[in-house]
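Coordinate inspection notes
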Amino acid sequence: MIIIMILYNATVFILAPVENINKPLSFCEKKKYRRISVVLSLIWTTIAVITYFSFNEICQSITVTALIIAVMMIVGKNINRKENSINEIQ
């Protein structure tokens, strides 16, 4: 659980926010959404640690959800990187 939450927070710190080619973000929006993402990830990590000792099912749900979010962020960045390279070639 701890390793997954550390990887989740690292992914959020490094990759957030994930843009879409159809809706690019301005510099101010990137800064704002990055701050929101980091704060929310820290809140969810704190809740997961607190519930680990008393409500293990809730902790497991939060951890699995954090893992899925981290994977989807990585996939989103890779898709954006591929689309940008294809657009540069054309």
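Heads up: these notes are all about the structure in this document. Since we're looking at a predicted model, the values are computed, not measured. (Residues numbered from 1 in each chain as written. Predicted model: local features only at pLDDT ≥ 70, side-chain atom pairs only at ≥ 80, totals over all residues. Heavy atoms only, no water.)

A few words now on the packing of helix H1 (residues 2-15) against helix H2 (residues 27-54). Between H1 and H2, the least distance of the axes is 9 Å, while the angle of their chain directions is 170°. In terms of orientation, H1 and H2 fall into the roughly antiparallel class. Contacts from Met5, Tyr8, Asn9, Val12, Phe13 and Ile14 of H1 reach H2 at Arg34, Ser37, Val38, Ser41, Leu42, Trp44, Thr45 and Ala48. Considering only residue class, the contact of H1 with H2 consists of 9 nonpolar, 4 polar and 1 charged. (Axes fitted to C-alpha atoms, helices over the stretch in contact; angles between N-to-C directions. Helix = DSSP H or I, 4+ residues; strand = E, 2+ residues; numbered from the N terminus. Parallel < 35°, antiparallel > 145°, perpendicular 65-115°, else oblique. Contact = heavy atoms within 4.5 Å. Nonpolar A, V, L, I, M, F, W, Y, C, P; charged D, E, K, R; others polar.)

Attention now moves to the packing of aromatic side chains. Applying the stated criterion to the full structure yields 1 aromatic pair. With centroids separated by 5.3 Å and ring planes inclined at 80°, the aromatic side chains of Tyr52 and Phe53 adopt a geometry described as edge-to-face. We classify Phe53 as exposed; its relative accessible area is 70%. (Phe/Tyr/Trp six-rings, centres within 6.5 Å; stacked < 30°, edge-to-face > 60°. Buried < 20%, exposed > 50% of the residue type's maximum accessible area, 1.4 Å probe, protein only.)

Across all of its chains, the model carries 1 salt bridge by this definition. Its salt-bridge partner being Lys30, residue Glu19 comes within 3.3 Å of it at the nearest N-O pair. In this pair, Glu19 is assigned in the loop between H1 and H2 and Lys30 in helix H2, connecting sequence segments 11 residues apart. By relative accessible area, which is 25% here, Glu19 ends up partly exposed. Owing to a relative accessible area of 32%, Lys30 belongs among the partly exposed residues under this scheme. (Salt bridge = Lys/Arg side-chain N within 4 Å of Asp/Glu carboxyl O.)

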